[in-house]
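Observations on the model geometry
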Amino acid sequence: MLHKIVLALFLSLLVGCTTTGHFKVPEGSQLYLYKRPQPVDIKANGEVTTRPFFWTAAGMPPGGGIPYRLEKDGKMLKEGKLRAKFRVVSIFWPPFSLIYWPMGLNPNITYDLINDKQE
């Protein structure tokens, strides 16, 4: 019983501290999100799991959203903004996640950065 409680707490911690989206990017390119210095890890199925984003990532492109850039061989291929989604879990997740990281990737769409579609 205790094992199940610990597992449930661990899984809720992961949900509260991450955001996941699905991407299509050019082969061999690296994706940088929100001006972070390290590229994100893109799994074979296109899934990206990363830390959530601050309020400045709120909104829809072109004016709002999560800034991104694609690089290949050290050269920038393109940059722009991604559609963001408010993370409802941030309302309930302490400490102050509503204040500091309420925005996330939208898990219900594919960010196709090859054809410039976010649907």
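These remarks concern the structure in this document. Computed from a predicted model, the values in this text were never measured in an experiment. (Residues numbered from 1 in each chain as written. Predicted model: local features only at pLDDT ≥ 70, side-chain atom pairs only at ≥ 80, totals over all residues. Heavy atoms only, no water.)

**What to know about the environment of E71**
Selection criterion: In this description a helix means any DSSP run of H or I spanning at least four residues, a strand means any run of E spanning at least two, and both kinds are numbered starting from the N terminus. Accessible area is worked out with a 1.4 Å probe on protein chains only. A residue is then buried under 20% of its type maximum, exposed over 50%, and partly exposed in between. Any two residues having at least one pair of non-hydrogen atoms within 4.5 Å are treated as being in contact. Here a polar contact means two N or O atoms within 3.5 Å. Within protein one must be a hydrogen donor candidate and the other an acceptor candidate, and residues neighboring in sequence count only if both atoms are side-chain atoms.
With respect to the secondary-structure elements, E71 resides in strand β4 (residues 66–72). With a relative accessible area of 15%, E71 lands in the buried category. In this structure the C-alpha to C-alpha distance between E71 and Q30, which are 41 residues apart in sequence, comes to 5.2 Å. Apart from residues no more than four positions distant in its own chain, E71 is found in contact with S29, Q30, Y32, M76 and L77. Within the structure, the side chain of E71 is placed 2.8 Å from the side chain of R69, a separation counted as a polar contact.

**What about unusual backbone geometry?**
Cis geometry marks the peptide bond from P61 to P62; its omega dihedral reads 10°. Tracing the chain through its elements places P62 in the loop between β3 (47–50) and β4. Of note, the phi angle at D73 is positive, near 55°, even though the residue is not glycine. Tracing the chain through its elements places D73 in the loop between β4 and β5 (75–82). Judged by its relative accessible area of 72%, D73 is exposed. With phi around 55°, D116 is a residue other than glycine that occupies positive phi space. Assignment of secondary structure puts D116 in the loop between β8 (110–112) and β9 (117–118).

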